[in-house]
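Each chain, written out:
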Amino acid sequence: MELFNYFRSSASFRVRIALALKGLDYDYRSVHLAKNEQFKESYAAVSASRLVPLLRDGEASVTQSMAIIEYLDETHPEPPLLPREALDRAYVRALSQDIACEIHPLNNLRVLRYLTQEMGVSDENKDRWYRHWVETGLEVVERRLVGEERAGAFCFGDTPGMADCLLVPQVFNAQRFHARLDHVPTVMRIHEACMKLDAFAKTQPSACPDAE
């Protein structure tokens with residue numbers, strides 16, 4: 001397998017964690033978003049969206065981080081990243097989408113560039129925008145973790161799974177932009193538990209071969 005990704009991309013980080021939890025080997029293919037390498041014709045030839053991550057498995061290509069994680073879970077079932085019961089799976093998917101659909105799209109590189117380059121938003125106000133959406137978004141995650149009483153050491157029970165793969169990269173981004181996190185103690189407790197595991201610690205951005 002090959003993973004086309006960028007060390008600082010939180011969506012890429014999600015997939016790196018999932019691959020590590022599964023114990024799967026892959027070739028690391030760097031696509032440097034800050035240098036616009038995603039727009040090169042060589043990458044456009046394999047990615048219609050010109051986004052990362054992209055997983056190539058033999059002749060097949062899979063895009064979008066949650067789709068990749070579920071593909072890995074279906075093709076390599078052990079250890080499972082989603083629970084077996086339908087209602088539990090729905091909970092994990094909803095929690096994951098609280099991050100992937102409600103926080104991340106507002107704060108990804110394309111949006112931040114548009115704010116500053118096309119709308120003339122200052123860097124200070126861009127960072128305020130970022131912090132607002134990540135802080136309010138993680139508050140929703142916190143309420144779900146506490147209110148639904150399904151969390152254990154991790155987002156669902158005592159085994160790391162798909163929701164943890166999404167949570168940790170989002171916390172990394174929040175810390176990078178100096179967002180407030182004292183209002184989400186359960187989120188931070190789970191993040192700390194995850195970072196004690198090699199699957200998370202050894203795939204973090206600073207550990208990547210293209211890290212700067």
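In the nomenclature of an unreviewed UniProt entry, the protein chain corresponds to Maleylacetoacetate isomerase from the organism Roseateles flavus. As recorded by UniProt, the Sequence similarities (unreviewed entry) comment attached to the protein chain reads in full: "Belongs to the GST superfamily. Zeta family."

J.: Any chance you could break down the pattern of salt bridges for me, citing the residues and the numbers?
T.: A full pass over the atoms with the stated rule returns 15 salt bridges. Note that Glu41 is salt-bridged to Arg50, the shortest N-O span being 3.6 Å. Taking relative accessible area as the criterion, Glu41 reaches 59% and is therefore assigned exposed. The exposure class of Arg50 is partly exposed, given its relative accessible area of 25%. A salt bridge links Glu139 to Arg143; the nearest nitrogen and oxygen atoms lie 3.8 Å apart. One end of the pair is Glu139 and the other is Arg143, both in helix H7 (residues 123-147) and four residues apart, which spans about a single turn.

J.: I'd like to hear about the pairing of strand E4 (residues 60-63), residue by residue, with values.
T.: Sheet topology note: the strand E3 (residues 54-57)/E4 ladder contains four bridges and is antiparallel. Considered in E4, the bridge of Leu54 is made with Thr63. Turn length for the E3-E4 hairpin, with the two strands adjacent in sequence and antiparallel, is two residues, and the turn residue Gly58 shows positive phi of about 65°.

J.: Residues and numbers for the UniProt feature "domain: GST C-terminal" (unreviewed entry) in the protein chain, please.
T.: Feature annotation in UniProt places "domain: GST C-terminal" (unreviewed entry) on residues 85-212, given in this structure's numbering. With 65% helix and 0% strand, the stretch residues 85-212 has end C-alpha atoms that lie 42 Å from each other.

J.: With reference to specific residues and values, describe the packing of aromatic side chains.
T.: Per the stated rule, a full pass over the model turns up six aromatic pairs. On the basis of an interplanar angle of 45° and a centroid distance of 5.9 Å, the ring pair of Phe4 and Tyr43 is categorised as tilted. Here Tyr43 lies in helix H2 (residues 41-44) and Phe4 lies in strand E1 (residues 2-5), a separation of 39 residues in the sequence. Across the pair, Tyr43 and Phe4 agree in class, each one buried. Ring centres 5.3 Å apart and planes at 90° place the aromatic pair Phe13 and Phe172 in the edge-to-face group. You can see Phe13 sitting in helix H1 (residues 10-22) and its partner Phe172 sitting in helix H8 (residues 162-176), a full 159 residues away along the chain. Exposure remark for Phe13: the relative accessible area of 1% places this residue in the buried category.

J.: Hey, could you go over the side chain of Asp88 for me, with residue numbers and the actual values?
T.: On the secondary structure map, Asp88 appears in helix H4 (residues 86-100). Using a relative accessible area of 19% as the deciding quantity, one classes Asp88 as buried. Those residues in contact with Asp88, other than ones at most four positions away along the chain, are Pro83, Arg150 and Phe156.

J.: Outline the domain arrangement of the protein chain, supporting the account with residue identities and numerical values.
T.: You can read the domains of the protein chain as domain 1 (2-79) and domain 2 (86-200). Domain 1 and domain 2 are separated by 20 Å when their C-alpha centres are compared. The interface of domain 1 with domain 2 comprises 16 residues on the first partner and 20 residues on the second. A buried area of about 1,700 Å², summed over both sides, lies between domain 1 and domain 2, and 68% of it is on carbon and sulfur atoms. On inspection of domain 1 and its partner domain 2, the count reaches one salt bridge. Residue Glu70 is joined to Arg93 by a salt bridge in which the shortest nitrogen-to-oxygen separation is 3.0 Å.

J.: Would you mind going over H7 in detail, with residue names and values included?
T.: In this model H7 runs 36 Å from its N-terminal to its C-terminal C-alpha over 25 residues, within 8% of the 36 Å that 1.5 Å per residue would give. Within H7 the residues assigned to the buried category are Lys126, Tyr130, Val134, Glu135, Gly137, Leu138, Val141, Glu142 and Leu145. After H7 finishes, the residue Glu149 shows a positive phi value of roughly 55°.

So, how was this worked out
Residues numbered from 1 in each chain as written. Predicted model: local features only at pLDDT ≥ 70, side-chain atom pairs only at ≥ 80, totals over all residues. Heavy atoms only, no water. UniProt positions renumbered as here; feature names shortened; annotations may be inferred. Salt bridge = Lys/Arg side-chain N within 4 Å of Asp/Glu carboxyl O. Buried < 20%, exposed > 50% of the residue type's maximum accessible area, 1.4 Å probe, protein only. Helix = DSSP H or I, 4+ residues; strand = E, 2+ residues; numbered from the N terminus. Pairing = 2+ DSSP bridges. Phe/Tyr/Trp six-rings, centres within 6.5 Å; stacked < 30°, edge-to-face > 60°. Contact = heavy atoms within 4.5 Å. Domains from an automatic or database assignment. Buried area = accessible area lost by both parts, 1.4 Å probe. Expected span 1.5 Å × (residues − 1).

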